[in-house]
Amino acid sequence: MAAPSPEPFLLDVPQETLDDLRARLERTRWPDEIPQSEWRYGSNLGYVQRLVERWGNGFDWRAQEDEFNAFDQYRVPLGGVDLHFIHQPGVGPDPMPLLLVHGWPGSVWEFHDLIPRLTDPARFGGDPADAFTVVAPSLPGYTLSYRPGQPRYDVGQMGDLFAELMTRVLGYERFAAQGGDWGGYVVACLAAGHAERLVGIHLNFLPIRQDLPMPAEPSEEEAAYQEELRFWQAEETGYHAIQGTKPQTIAYALTDSPAGLAGWIVEKFQTWSDHRGDFEGWLALDSLLTNITLYWVTGAINSTFWPYYAIRHGPWPLPDARIEVPMAYASFPRETRHPPRRFAEPFFDVRRWTEMPRGGHFAALEVPDLLAEDVAVFFRSLGRDG
């Protein structure tokens, strides 16, 4: 059976969709807020009001479309999904194909500053020999890889789909892969199921179980991780619970109210990023709004919840056996959790472990220079052929 052929894609949101968005923003009903609570109980009211004001009056979506459309984009019918992906050629003597996988509540927009640093390192003072040809798909069910009623994909199925995209559709017999958040799970599943196709994997989120046994007398690092897990499970898993148990219920509100959608998404960027008290200076309103607008104009929020439901109601998606593909991990200081290396080594062939000086959960958006450098150094150490 012949492989499906990708068709070029340009982002062009209908004007009536943007007009409807603006009208809805003007009619926003605001909740109250506990005085002086800042972000303690969720998204800060003053911040979300500024974000919505910018969204409705001053945010230039067409300029963001132009920036998006500077990348080479395609869609291909695959596995019941019209899969959207960026396919940006590398500028160098022998670019390595690199699959780049995002997570939630992100999108391929997270990579807009990272991709040029990977495809054309010489432009940023790097070595052209480190160039990658980047393939960055929108996850099935996420933004530009969504249409109503399409099949839902868990992280293992996404890994299988991307293996097919890279090899059968695009013709790369072997390639590298990088991911964070759900992208870390997808890349790990890809390595577990299709090891022969991979040169190596680079992760900035470590997909290991949270119920691994702790030592009776933990080291300082292990005790810190134990406390991270305790805090995470007690205070930071509310979104995970609703998205993983009753996703349809919250989807009505988030699909109908752009202000509600913005508040739901932006709280994660604030909580999980390394802004150090200057969130607006760290992640610009327009960059956040571009990501949120992709969710809004596609109507995709409900389908993005499926990996949460699947992982809660199905088996753990990764094998208990060690994944024998060379792996690098970049540990960013404001990542949600920091497992010690000894927790990773039974499950991954850890070749590089880097404690990064700055950045959080959205490393590609926050510190693209640091992430690009770590990716380049790791795959340079493996050689072009692995």
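This text follows the structure it describes.
What comes next is a walk through the structure.

Basis of the calculations
Residues numbered from 1 in each chain as written. Predicted model: local features only at pLDDT ≥ 70, side-chain atom pairs only at ≥ 80, totals over all residues. Heavy atoms only, no water. Helix = DSSP H or I, 4+ residues; strand = E, 2+ residues; numbered from the N terminus. 1 Å grid on protein atoms, 1.4 Å probe; cavity = no way out; pocket = protein on both sides within 12 Å on 5 of 7 lines; lining within 4 Å. Points joined across faces, edges and corners; volume = space filled by probe spheres on them. Nonpolar A, V, L, I, M, F, W, Y, C, P; charged D, E, K, R; others polar. Phe/Tyr/Trp six-rings, centres within 6.5 Å; stacked < 30°, edge-to-face > 60°. Buried < 20%, exposed > 50% of the residue type's maximum accessible area, 1.4 Å probe, protein only. Lys NZ or Arg CZ within 6 Å of the ring centre and 35° of its normal.

With that out of the way, let us pick up unusual backbone geometry. In terms of backbone geometry, most residues other than glycine have negative phi values and most peptide bonds are trans. With an omega of 0 degrees, the peptide bond running from Trp104 to Pro105 counts as cis. Examined against the element boundaries, Pro105 turns out to sit in the loop between strand 4 (96-101) and helix 4 (114-119). With a phi angle near 55 degrees, Gln36 is a residue other than glycine that sits in the positive phi range. Tracing the sequence through the fold places Gln36 in the loop between helix 1 (15-26) and helix 2 (45-56).

Okay, the layout of surface pockets next. Of the volumes computed, that of the largest pocket is approximately 670 Å³. What lines the largest pocket is a set of 27 residues, and nearest its centre among them are Pro31, Ser43, Ala259, Gly260 and Gly263. The set of elements that each furnish at least two residues to the lining of the largest pocket consists of helix 2 and helix 10 (258-272). With 7 residues, helix 10 is the largest single contributor of residues to the lining of the largest pocket. A volume near 420 Å³ is recorded for the second largest pocket. In this structure, the second largest pocket is lined by 20 residues; those nearest its centre are Tyr185, Gln210, Trp232, His240 and Arg337. Among the elements of the structure, helix 6 (182-193), helix 7 (220-235), helix 8 (238-245) and helix 14 (306-313) are those that each provide at least two residues to the lining of the second largest pocket. The dominant element in the lining of the second largest pocket, judged by the number of residues it contributes, is helix 14, at 3 residues. When its residues are assigned to classes, the lining of the second largest pocket shows 10 nonpolar, 6 polar and 4 charged.

Moving on: the packing of aromatic side chains. On inspection of all chains with the given rule, the structure shows 24 aromatic pairs. With centroids separated by 6.3 Å and ring planes inclined at 65 degrees, the aromatic side chains of Trp104 and Phe305 adopt a geometry described as edge-to-face. Of this pair, Trp104 sits in the loop between strand 4 and helix 4 while Phe305 sits in the loop between helix 13 (301-304) and helix 14, and the two are 201 residues apart along the sequence. We note that Trp104, like Phe305, is buried. Taken together through their ring pairs, the aromatic side chains of Trp104, Trp182, Tyr185, Phe205, Trp232, Tyr239, Phe269, Trp272, Phe305, Tyr308, Trp316 and Phe362 make up a single cluster. Over the aromatic face of Trp232 sits the side chain of Arg337, whose NZ or CZ is 4.5 Å from the ring centroid.

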